[in-house]
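Letter by letter, the chains look like this.
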Amino acid sequence: MRVAVISDSHANLASLEAVLDYIRRRGIAHVLNLGDSVSGPLAPGAVADLLIAEGIPQVRGNHDRFLIDRPAEDMGLWERWAWPEMTQAHLDWLRALPLTDARQGIVMVHVRPEDDNKNWLHRRAQDGSMVPATLAECAAPAEGIDAEVIVSGHTHMPRVVRVPGGPLLVNPGAVGWGRMAGGAAGGAL
């Protein structure tokens, strides 16, 4: 069975529609979403409406949480952009999203199971850039998780790591807000 994994669309409706169209054209029926879908400047309400209508299994990301656990005056810029378009149905949908989920034999998290804001497959270097985490840094959060594949997002940077004797760890990158290792972000983290 083929499964597509998406993450971090951050209200980029055009990119999300293009990626979902690409997935459909390849005949992939199962899509998993790793969160941080609606915080951003472009089309947060339309992205929420699309994802709700599609019924794509999704976990809650840190930016999803920021929309539901902070007063509007304490939100970050990306949430302040999204807030005016969020309906009660959108907020209820975000609140109902799990932090972790397992589908098609894949464990889904936004970042780490214990912390939705702590990097997993990447880490900050002393100069502030994002670089690949070491194998030991990648393997430690996977301990105790019984899965062949664990997918996580958050950093907007694609990466695949095989933990020796353990799971395959996959970060699909971001839908429309990608970044390069060590380079500048297309979106906020």
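Higher on the page you've got the structure.
Bear in mind that the values here come from a model prediction, so they are computed numbers and not experimental data. (Residues numbered from 1 in each chain as written. Predicted model: local features only at pLDDT ≥ 70, side-chain atom pairs only at ≥ 80, totals over all residues. Heavy atoms only, no water.)

1. A word on the sheet that holds strand S8 (residues 159–162)
Worth spelling out the cut-off: Here a strand pair is declared whenever DSSP counts at least two bridges between the two strands. Per the convention used, a helix needs a DSSP run of H or I reaching at least four residues, while a strand needs a run of E reaching at least two, with both numbered from the N terminus. What counts as an axis is a line fitted to C-alpha atoms, over the stretch in contact for a helix, and the angles between N-to-C directions run from 0 to 180 degrees.
Taken in spatial order, the five strands line up as S3-S4-S7-S9-S8 in an open sheet, and their pairing is mixed. Pairing within the sheet leaves two strands with one partner each, and these edge strands are strand S3 (100–103) and S8. Strand after strand, the sheet turns through a mean of 20° between neighbouring axes, direction not considered. By the bridge criterion, four bridges tie S8 to strand S9 (residues 168–171) in an arrangement that is antiparallel. Residue Arg162 lies in a different strand from S9, and its bridge partner there is Leu168.

2. A word on the pairing of strand S2 (residues 30–33)
Across a regular strand the side chains alternate sides, sitting on one face of the sheet and then on the other. In this sheet, S2 lies alongside strand S1 (residues 3–6) in parallel orientation, the contact comprising four bridges. When the bridges of S2 are listed, Val3 appears paired with His30.

3. Some thoughts on the layout of surface pockets
Going by this rule: Two kinds of site are reported from a 1 Å grid over the protein atoms alone, namely cavities, where a 1.4 Å probe fits but cannot get out, and pockets, open sets with protein on both sides within 12 Å along at least five of seven lines, and residues are called lining when an atom falls within 4 Å of a point. Grid points are joined across faces, edges and corners, and a volume is the space filled by probe spheres set on the points. Residue polarity follows a fixed list, in which Ala, Val, Leu, Ile, Met, Phe, Trp, Tyr, Cys and Pro are nonpolar, Asp, Glu, Lys and Arg are charged, and the others, Gly among them, are polar.
Size it by volume and the largest pocket reaches roughly 160 Å³. Elements represented by at least two residues in the lining of the largest pocket include exactly helix H1 (13–25) and S2. Of the residues that constitute the lining of the largest pocket, the class distribution is eight nonpolar, three polar and two charged.

4. Regarding the packing of helix H2 (residues 44–54) against helix H5 (residues 88–96)
What counts is decided by this rule: By definition in this entry, angles of less than 35 degrees are roughly parallel, angles greater than 145 are roughly antiparallel, angles of 65 to 115 are roughly perpendicular, and the rest are oblique. Should the near helix be turned anticlockwise from the far one by less than a right angle, the crossing is termed left-handed; should it be turned clockwise, right-handed. Residue contacts are defined here by distance: any two heavy atoms, one from each residue, within 4.5 Å place the two residues in contact.
Their axes nearest at 10 Å, the elements H2 and H5 cross at an angle of 60°. Relative to H5, the element H2 lies oblique. Relative to H5, the crossing made by H2 is left-handed. On H5, the residues that touch Gly45, Ala48, Asp49, Leu51 and Ile52 of H2 are Ala89, His90 and Trp93. For the contact of H2 with H5, a count of residues per class yields five nonpolar, two polar and one charged.

5. What about the nonpolar core?
For the record, the criterion: Definition used in this section: a nonpolar core is a set of buried Ala, Val, Leu, Ile, Met, Phe, Trp, Tyr and Cys residues joined via side-chain atoms within 4.5 Å. Residue burial is assigned from relative accessible area. The probe radius is 1.4 Å, only protein chains are included, and a residue is buried under 20% of its type maximum, exposed over 50%, and partly exposed in between.
Grouped together as the largest cluster of nonpolar side chains are 24 residues, with contacts concentrated most on Leu16, Leu20, Val38 and Leu94. Of all the secondary-structure elements, those providing two or more residues to this core are S1, H1, H2 and H5. If we ignore the near neighbours within four places in the chain, the residues touching Val38 are His10, Ala11, Pro44, Val47, Ala48, Asp64, Leu67, Ala82, Met86, Trp93 and Leu94. In terms of nonpolar packing, the next biggest core, distinct from the first, is built from 14 residues, Trp120, Cys138, Ala139 and Val163 among them.

6. Let's talk about the side chain of Ser7
Within the element layout of this structure, Ser7 appears in the loop between S1 and H1. Those residues within four positions of Ser7 in sequence are excluded, and the remaining contacts are Asn33, Leu34, Gly35, His110, Gly153, His154, Pro172, Gly173, Ala174 and Val175.

7. Here's the deal with the packing of aromatic side chains
Stated formally: Any pair of Phe, Tyr and Trp rings, taking the six-membered ring for Trp, is counted once the centres come within 6.5 Å. Such a pair is stacked with planes under 30 degrees apart, edge-to-face with planes over 60 apart, and tilted for the rest. The rule for a charge over a ring is simple: NZ of Lys or CZ of Arg within 6 Å of the ring centre, and within 35 degrees of the ring normal.
All told, the structure shown has one aromatic pair when counted by the stated rule. Across from the ring centre of Tyr22, 3.7 Å away, lies the NZ or CZ of Arg26, which sits over that ring. Stacked on the ring of Phe66, the Lys or Arg Arg70 has its end atom at 3.9 Å from the ring centre.

8. Some points on the pairing of S3
With four bridges joining them, S3 and strand S4 (residues 106–109) adopt antiparallel strand pairing. Bridge pairing links Ala102 to Val107 in S4. The turn joining S3 and S4, which pair antiparallel and follow one another in sequence, is formed by two residues; a positive phi near 50° is taken by Gln104.

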